[in-house]
Amino acid sequence: MTTAIRRVAPTPDTTGTGRFPQGFTWGTATAAYQIEGAASVEGRTPSIWDTYSHTPGRVRNGDTGDVATDHYHRWREDVAIMADLGVSAYRFSLSWPRVQPTGRGPAAQKGLDFYRALTDALLENGIEPVVTLYHWDLPQELEDAGGWPERVTSDHFADYAALAARALGDRVKTWTTLNEPWCSAFLGYGSGVHAPGRTDPVAALRAAHHLNLGHGKAVQALRAELPSSARASITLNIHHVRPLTESADDVDAARRIDALANRVFTGPILEGHYPQDLLDDTAHLTDWSFLRNGDTSTIHQPLDFLGVNYYTPTLVSAATNEAGHHSDGHGVSDHSPWPGADQVNFHRPAGSTTAMGWAVDPSGLYDLLLRLKADHPAMPLMITENGAAFDDYVNPEGEVTDPERIAYLHGHLSAVRQAIAAGVDVRGYFLWSLLDNFEWGYGYSKRFGAVYVDYPTGKRIPKASARWYADVARTGRLPEGKNDDR
Ligand code: IFM
């Protein structure tokens, strides 16, 4: 049973200095389309993000992932940077159209060779490879055949999972099926601010279900191919949804958004059923006949941990105007990513914000972790993404100093440590991101990296935050006092 939205604890202090547990994973994270470039080499076919970014007006400044950070050619340098930072794990995604062009049929040997070489280099440097199978780059041919709103895509995804496991299972022990399926379904097919850019609320709900189904089938495929010691997981961008006031209407608005953002995934994946209130809230849009007998037990596979991505809390109220506005920090569209929740307003929480306009609020992460423990006490958690974009620049000394990012990381890591002290089983933390990269609809205008990338030359410059994070990873503790993090 999932708990209702509630406030669990006061804001955690951000100066905590206690040690993280022994064996805690300290990682950095990236995703294929955001860093690799080399979009049309060695048999790689276009993904929906190639098509979308090449469509005028979709991505800021007309940016595309054609070259990105050129990681496909500079990966040795990137592994060396991670080794120098001393991180213990690297979370990256496979480009589906690079390893299985067109999303069906045989593997592309060159694509697999790239990931084999990368994982070998990571292992040689004592860095654990953590593979995500799908970070949003659906082969365009599968979208042309209907994409995630069609059931058959979940079968193709399971075949691709098996292929990847056969190729890399001797090297990779930790696997994640999907990254943030909420974005794939609701931004990709609902508001259209992500690829493939469709704006159909029913397609978004169908996509959510088929992503869930694809996850379940992919876990089955991974288990069939991999040794029993392998670990399987999914990463969700669980929204920490807060009502603006305690009024019944605002609390109900928060419940609706929680159902569409979170429980549409945690329900079937972790509990084996869709929440009834979600089905009721969307009944005027669809009868959910795409949900077939047996689907929820396929989706409900045992997992080794749940990946949690957190950046900022979500603050909502019941709309007082005709139709609610949904400027929720996920891009601008006339179409809502929240099917059946038109009467909800989104608010920017008070306080400082990042370059994305997202509020900096570590208490949201603390509360979220406590809630996950209450709802799913036996499920280990991994923070698979956390970080912030700021307007970084290279100073005349050739350095990038980013005290706001250090403060952000300090606050959020302190929240994690305090959640652990309160009994939450958090196994690790992956900083988003290793490198500045292609931030989807925002192109290269937002810099999330611990390492600055000079895009014209590809030059990498570790920021002050990278050194700070390396120290935390090495010592397993946060520096003392507020001023020590500057
Ligand atoms: O860059 C993205 C990433 O691809 C998925 N999670 C959120 C990040 C920042 O927006």
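Quick look at the structure, then. Worth saying up front: this structure is predicted, and the values here are computed from it rather than measured.

**A few points about the packing of helix α14 (residues 403-421) against helix α15 (residues 464-475)**
Link 1 in the chain: Between α14 and α15, the least distance of the axes is 9 Å, while the angle of their chain directions is 30°. In terms of their interaxial angle, α14 and α15 are classed as roughly parallel. Packed against α14, whose contacting residues are R405, I406, L409, H410 and L413, the element α15 presents A464, S465, W468, Y469 and V472 at the interface.
Link 2 in the chain: Residues of the contact of α14 with α15, tallied by class, amount to 7 nonpolar, 2 polar and 1 charged.

**A short note on the sheet that holds strand β11 (residues 426-432)**
Link 1 in the chain: The sheet built from 8 strands closes into a barrel, its strands ordered β1-β2-β3-β4-β5-β7-β10-β11 with parallel pairing. Averaged over all pairs of adjacent strands, the angle between strand axes in this sheet comes to 25°, irrespective of strand direction.
Link 2 in the chain: Where strand β7 (residues 305-309) lies against strand β10 (residues 381-386), 4 bridges are found, and the strand directions are parallel. Paired with N309 across the two strands is E385, which belongs to β10.

**Digging into the pairing of strand β4 (residues 174-179)**
Link 1 in the chain: Among the 6 residues in β4, 6 count as buried, and that is most of the element.
Link 2 in the chain: Bridge count for strand β3 (residues 128-134) against β4 is 4 bridges, and the pairing is parallel. Pairing of T132 across the sheet is with T176, part of β4.

**Observations concerning the site of the ligand**
Link 1 in the chain: Taken together, Q34, H135, W136, N179, E180, Y311, W358, E385, W432, E439, W440 and F448 make up the full set of residues near the ligand.
Link 2 in the chain: A distance of 2.7 Å is found between an oxygen atom of the ligand and a side-chain nitrogen or oxygen belonging to Q34.
Link 3 in the chain: Measuring from an oxygen atom of the ligand, one finds a side-chain N or O atom of E439 at 2.6 Å.
Link 4 in the chain: Isolated, the ligand exposes 280 Å² of accessible area, and the fraction of that covered by the protein chains is 95%.
Link 5 in the chain: Taken together, the residues of the shell around the ligand sort by class into 6 nonpolar, 3 polar and 3 charged.

**Looking at the nonpolar core**
Link 1 in the chain: Ranked by size, the top nonpolar core spans 152 residues in total, and within it W49, F186, L306 and V416 carry the most contacts.
Link 2 in the chain: For this core, the element with the highest residue contribution is helix α9 (residues 201-225), accounting for 11 residues.
Link 3 in the chain: Setting aside anything within four residues of it in sequence, one finds V416 in contact with F20, F24, L365, L369, I383, V426 and Y429.

**Description of the packing of aromatic side chains**
Link 1 in the chain: A full pass over the atoms with the stated rule returns 35 aromatic pairs.
Link 2 in the chain: Each ring, one from Y134 and one from W148, has its centre 5.4 Å from the other, and the planes form 70°; the classification is edge-to-face. Highlighted residues: Y134 in strand β3 and W148 in the loop between α6 (140-144) and α7 (152-168), separated in sequence by 14 residues. The exposure classification of Y134 matches that of W148, with both residues buried.

**A short note on the packing of helix α8 (residues 181-191) against α9**
Link 1 in the chain: One can describe the packing of α8 onto α9 by two numbers: an axis separation of 8 Å at closest approach and a directional angle of 155°. On the basis of their axis angle, the class for α8 and α9 is roughly antiparallel. You can see that α8 and α9 cross each other, and the crossing is right-handed. Contacts between α8 and α9 involve P181, S184, A185, F186, Y189 and G190 on the former and, on the latter, A203, A204, L205, A207, A208 and L211.
Link 2 in the chain: Of the residues assigned to the contact of α8 with α9, the class counts are 10 nonpolar, 2 polar and no charged.

**Things to note about the environment of R474**
Link 1 in the chain: Relative to the helices and strands, R474 is located in helix α15.
Link 2 in the chain: Between the C-alpha atom of R474 and that of W26, which follows or precedes it by 448 residues, the distance is 8.9 Å.

**Notes on α15**
Link 1 in the chain: Here α15 spans 17 Å end to end across 12 residues, near enough to the 16 Å set by a 1.5 Å rise per residue.
Link 2 in the chain: All of the buried residues in α15 are S465, A466, W468, Y469, A470, V472 and A473.
Link 3 in the chain: Considering only its buried residues, α15 is in contact with β1 (25-29), α3 (71-85), α14, β11 and β13 (459-462).
Link 4 in the chain: Residue G476 follows α15 closely and has a positive phi angle near 70°.

**Concerning the pairing of β1**
Link 1 in the chain: Of all 5 residues in β1, 5 are buried, a share of seventy percent or more.
Link 2 in the chain: Both faces of β1 are covered, namely the face carrying T25, G27 and A29 and the face carrying W26 and T28.
Link 3 in the chain: Of the strand pairs in this sheet, β1 and β11 are connected by 5 bridges, and their pairing is parallel. If you follow T28 over to β11, its bridge partner there is L431.
Link 4 in the chain: Where β1 lies against strand β2 (residues 89-93), 3 bridges are found, and the strand directions are parallel. Counted as the bridge partner of T28 is Y90 from β2.

**Considering the sheet that holds strand β8 (residues 314-318)**
Link 1 in the chain: Ordered by their spatial adjacency, 3 strands build an open sheet running β6-β8-β9, and the pairing between neighbours is mixed. Taken across any chain shown, the strands that pair with only one partner, and hence form the sheet edges, are β6 (241-243) and β9 (344-347). In this sheet, adjacent strand axes meet at a mean angle of 40° when their direction is disregarded.
Link 2 in the chain: In this structure, β6 lies alongside β8, joined through 3 bridges in parallel fashion. Within β8, the position partnered with V241 by the bridge is T314.

Rules of the game
- Residues numbered from 1 in each chain as written.
- Predicted model: local features only at pLDDT ≥ 70, side-chain atom pairs only at ≥ 80, totals over all residues.
- Heavy atoms only, no water.
- Axes fitted to C-alpha atoms, helices over the stretch in contact; angles between N-to-C directions.
- Helix = DSSP H or I, 4+ residues; strand = E, 2+ residues; numbered from the N terminus.
- Parallel < 35°, antiparallel > 145°, perpendicular 65-115°, else oblique.
- Contact = heavy atoms within 4.5 Å.
- Nonpolar A, V, L, I, M, F, W, Y, C, P; charged D, E, K, R; others polar.
- Pairing = 2+ DSSP bridges.
- Buried < 20%, exposed > 50% of the residue type's maximum accessible area, 1.4 Å probe, protein only.
- Near = heavy atom within 4 Å.
- Polar contact = N/O pair within 3.5 Å; in protein donor to acceptor, adjacent residues only side chain to side chain.
- Areas by Shrake-Rupley, 256 points an atom, 1.4 Å probe, with all protein chains shown as cover.
- Core = buried A, V, L, I, M, F, W, Y, C linked by side-chain atoms within 4.5 Å.
- Phe/Tyr/Trp six-rings, centres within 6.5 Å; stacked < 30°, edge-to-face > 60°.
- Left-handed = near helix turned anticlockwise from the far one by under 90°.
- Expected span 1.5 Å × (residues − 1).

Purely geometric numbers; function is a separate question.
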